[in-house]
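Results of the structural survey
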Amino acid sequence: MSLVGELRVDWATSLSLVGTVLKALTAPLVGTALVALWYGEPLVPFLATAALTLGAGIALERLDRGDLGLREGFLMVALTWLAIAVVGAVPFLVAGEGSLASPVNALFESTSGITTTGATVVSDFDAHGRSVHLWRSLLQWMGGLGILVIAVAVLSQLSIGGAQLMETESQTQDVNKLTPSIEATARLLGWLYAGLTGLMVATWLAIGAVGLGPEVTLYDAVAHAFTAVSTAGFSPRAESLGAFSPAVQWATIPFMFLGATNFVLLYHLTQGNPSRLGESDEFRFYLAVVLGLTGLTAGFLVASGEFTRIERVIRHSLFQVVSILTTTGYATVDFNGWSPAAKHMLFLAMFSGGMAGSTTCSIKTLRWLVVVKSFRRDLFREIHPDAIRPVRLTGEVVDEDVVRDVYAYVLLSGIIFVLLTVFVVTDAARAGEQVGEFEAMGASAATFLNIGPAFGDAGPYGDYAWFPATTKVAFIVLMWVGRIEIIPVLVLLTPAFWRS
Amino acid sequence: MRVVIVGAGEVGSTIAESLAQSHDVVVIDIDSDRVESLTYSLDVLPIEGDGSDIDTLEEAGVADADMVIASTDDDETNIVACGAANVVSDAFTIARVKSPKYLTAWQRARGAFGVDFMVCSDLLTAEAIVGLAGLPTAQDVDMFADGLVQMTEFEIPAESPVADQTVAEADRFDSLTFAAIIRDDEVVIPRGDTRIEAGDEVVAIGSPESIRAFSSEIAPEERGPEDVVIVGGGEIGYQTARLLEERGFSPRLVEQDEDRARWLAEKLPSTTVLNSDATDQDLLDRENVGMADVIVAALENDQQNLLATLLAKRKGTDRAITVVNTGDFTELFEAVGVDVAVSPRKATAEEITRFTRARRAENVAIIEGDRAEVLELEVDADSVLVDRSIRDVAADIPEGVVIGAITRGDEHITPRGDTIVREGDHVVVFVDTEVLDEVTEKL
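So, a few notes on the structure that sits alongside this text. Predicted model, so just to flag it, every value in this text is computed and none were measured. (Residues numbered from 1 in each chain as written. Chains lettered and ligands numbered in written order. Predicted model: local features only at pLDDT ≥ 70, side-chain atom pairs only at ≥ 80, totals over all residues. Heavy atoms only, no water.)

**Quick notes on the overall build of chain A**
The condition that has to hold: Numbering of helices and strands starts at the N terminus; helices are DSSP runs of H or I of at least 4 residues and strands are runs of E of at least 2. Think of it in three bands: residues with accessible area under 20% of the maximum for their type are buried, residues over 50% are exposed, and the middle band is partly exposed, with areas taken using a 1.4 Å probe on protein chains only. Residue contacts are defined here by distance: any two heavy atoms, one from each residue, within 4.5 Å place the two residues in contact.
Looking only at helices and strands, chain A has 22 helices and three strands in total. Taken across its 500 residues, chain A has 56% of its residues classed as buried. Excluding contacts between residues fewer than 6 apart, the proportion of contacts in chain A whose partners are at least 24 apart in sequence is 74%.

**What to know about the packing of helix α6 (residues 121-133) of chain B against helix α14 (residues 344-357) of chain B**
Residue and element names in this part refer to chain B. Counted only if it meets this: To obtain each axis, a line is fitted to C-alpha atoms, and for helices this fit is confined to the stretch in contact; angles are then taken between N-to-C directions over 0 to 180 degrees. With respect to orientation, any angle under 35 degrees is reported as roughly parallel, any angle over 145 as roughly antiparallel, any angle of 65 to 115 as roughly perpendicular, and every other angle as oblique. Side-chain classes are defined by residue name, with Ala, Val, Leu, Ile, Met, Phe, Trp, Tyr, Cys and Pro counting as nonpolar, Asp, Glu, Lys and Arg as charged, and the others, Gly among them, as polar.
Where α6 meets α14, the axes come as close as 9 Å, and the angle between the chain directions of the two elements is 100°. By the angle between their directions, the pair α6 and α14 is classed as roughly perpendicular. Residues S121, L124 and T125 of α6 form the contact with α14, whose own contacting residues are P344, A347, T348 and E351. Looking at the contact of α6 with α14, its residues break down into three nonpolar, three polar and one charged.

**Looking at the sheet that holds strand β4 (residues 67-70) of chain B**
The strands making up a sheet associate through hydrogen bonds between their backbones, and the pairing can be parallel or antiparallel. Residue and element names in this part refer to chain B. Counted only if it meets this: Think of it this way: DSSP has to see at least two bridges between two strands before they count as a pair.
Spatially, the six strands line up as an open sheet ordered β3-β2-β1-β4-β5-β6, and their pairing is parallel. Edge positions in the sheet fall to β3 (45-48) and β6 (117-120), since each has one partner strand and no second. Taken over all neighbouring pairs, the strand axes of this sheet differ in orientation by 15° on average, direction set aside. The pairing of strand β2 (residues 24-29) with β3 spans four bridges and is parallel. Across the sheet, the residue bridging to I28 is I47, located in β3. Strand contacts of α14: β4, β5 (92-97) and β6, with the helix running at about 165° to β5, the strand carrying the most contacts.

**So, the sheet that holds strand β14 (residues 272-275) of chain B**
Strand order across the open sheet formed by seven strands is β1(A)-β14(B)-β13(B)-β12(B)-β15(B)-β16(B)-β17(B), with mixed pairing between neighbours. This sheet does not close on itself; its edge strands, each paired only once, are β1 (387-388) of chain A together with β17 (340-342) of chain B. With four bridges connecting them, strand β15 (residues 294-297) of chain B and strand β16 (residues 319-323) of chain B associate as parallel partners. Paired with V294 of chain B across the bridge in β16 of chain B is R319 of chain B.

**What about the packing of aromatic side chains?**
All names here are of chain A. Note the threshold: Centres within 6.5 Å make a pair out of two Phe, Tyr or Trp rings, where for Trp the six-membered ring is used; the pair is then stacked when the planes are under 30 degrees apart, edge-to-face when over 60, and tilted otherwise.
This structure, assessed with the given rule, holds 27 aromatic pairs over all chains. Taking 5.7 Å as the distance between ring centres and 35° as the angle between the ring planes, the aromatic pair formed by F108 and Y464 counts as tilted. Note that F108 is positioned in helix α6 (residues 103-114) and Y464 in the loop between α19 (437-448) and α20 (469-483), a separation of 356 residues in sequence. Grouping residues by exposure puts F108 and Y464 together as buried.

Printed below as a string of structure tokens:
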């Protein structure tokens, strides 16, 4: 009791807010139950979970709610993701089908879903019902931007510091407020996200209707739209996008790309200001990285004689680069068989990520651009030691504190990546499994940076089920850490956070 | 015209001096010594008091005044004085401000604050510096006819190919007129056979392009400046850098105060801001200031400006433009090695005087401390110029007048003997002060 008395963090407030978000989670669960009803699949996994979530939500919400301070905000964000990951795992466990039936696997899949990672432990795609697959996709859609929007919208209805939350959620993400009211901004972003999803469903159906993608069903269109726009990457098909025609694959590329584009820029695009895209330093950089890596990958594919037709070279290299770089993680082909050079291009792309203020994960192009610009500034200062030269993005001065934070973030990501790789290799050896170095690095990056598929057995047509349970637990923790961008977690771990 | 001037500092006294001959001038100042010294030096009515105080203004007879000029060193006082004057009189109000923020607000709504005309010293100075920086050997630059015509005073260096040529030989530009040559305080109206000597100051009127071409003719070894170093990041230094950026330059700016330097670096994306002391010789070497084309010294302190300029010149900088805050130092600075000394107070006084005179002309430039003026006039039906060729008119106008340029609509016409002037044309004329009144009456 005395320990709790010393804590200045108001657990009750944070937990009460988590309760509100959990309550809101009832709706998608019931929605999935309706889909299960339609396909004649068991309703229990979803209805039971809905009841559980509603009960837990109401119970938590009843806790004394005080003012949401900065600390409560940090705590609430971290706990919300954790809570949804746990709740999301329940339908998998209750359904009790195939590889998802074990608690660790169910939690892995759910965490991978809600963090929009897309790494799967599903090795037997046909063993699962359509409703279970849809729940995987829906988790990812909510995780993309949905959680933020739901939380902000719900919380602002309760007139509690939504702005505080938004700030915590989007640390260095440049989510400029588009309207004076945070609630209106959240709603606007939500509509944009939903609109983009709807557009993709329509696009897929249209391609199917004109006969260019005869294999497309409404179910496929919805399930993939949920996971493309959220740059998350789960697919109900074992061959991912490889199961679809080239036209469908081509049509999916722009949606992954847009999902990883800053939503504020997308908003301006819908307002008829496309010039804002071209003016953005980060967008130009993002585009250049995508095109540059695609060019190199295509070059290596041609050199190794992987594909002979030029359309295939361009489609597969562009699709894979966009998919990996935006942290989506779809595949049109098993790139495990590609030459080492081409595979390494994809490995590099893992560390890029899309633009800040989008659904993407990983380091993000904004941070890399700050690193590049500040490095260029350092070189300039070698020649002009007295010069004061602020780092600018699209003309705006980047605060020196932010530059420092960016370096810290990149460095921390590197350290965590290396430590995780070492852990994966060591843990596999302990469990008597064989994991190659590149495979271990790939799997570490793919989980921690929330990408999904890696190389080798965890490759695009493989899965993560075979990793030792301890490794999977480590992956679960780091997917969570990666999605909420390390810093809030580290903040939670500092003694200062818990002291006055 | 009855003119009330608030503030008898350098700006106020200079204006008072130039207006006193032909107008009733009242000068208000809070400082009794200044008031007393004015009493003996100028033919004006000095009043001791606070110019922003309505009682003082009424005592100065502001109700009957045609013009109120607020020219103290304090921006707010000047604005309030104009506002107060506006309450009790219909006089035209002119306010001098240093900070461009007031000018920005005033430009949005002319007449704001009760000010009819606003002059911003720092911006004016920066504009003058930028105009001079672009033209090697230029001493003074003024624009006429909405920028179609430019008047520039050049000093002819000894090594210039133009030195020792006749005007006819040097005049190879279509739209350029040699209006005058100023030689040892004397104004020479050039003829075709007049010889240009080294050290002369040539007043040229013409299109900006021809002026630029002539500038490189005078000093062919000097390309247009590319590398400009500004010393001092005060308001003048900042505005100079900003205007240079607008013209596509990437200047370097040295500022000693770190916080100010950081502020400047954030405001000026194309400027390299150096946080250092401009009189630090190591900095000058490190930054190769000697290789710079132009150094602009815009520190707050005259002595430091001179020191920074001389150090840079010693390192080899081609051209130095230096701000002098004490107008009396101008000639001294130019004598010891500064190429052009710019005084913000003089520039302000000149601008206000210009404006008071320009109410009869469209625009006025004052040459070399009142020795001559360049006027822009719109030709009306009564003018002796209308529908006659310039050769014919010559007999009717006195010596000491040169028609430098004519604009008709957007068109620039170079005046030659057979050029016919039409009603509605704008003429830019160079006029010796001695014949000023006679000329303005006739044209």
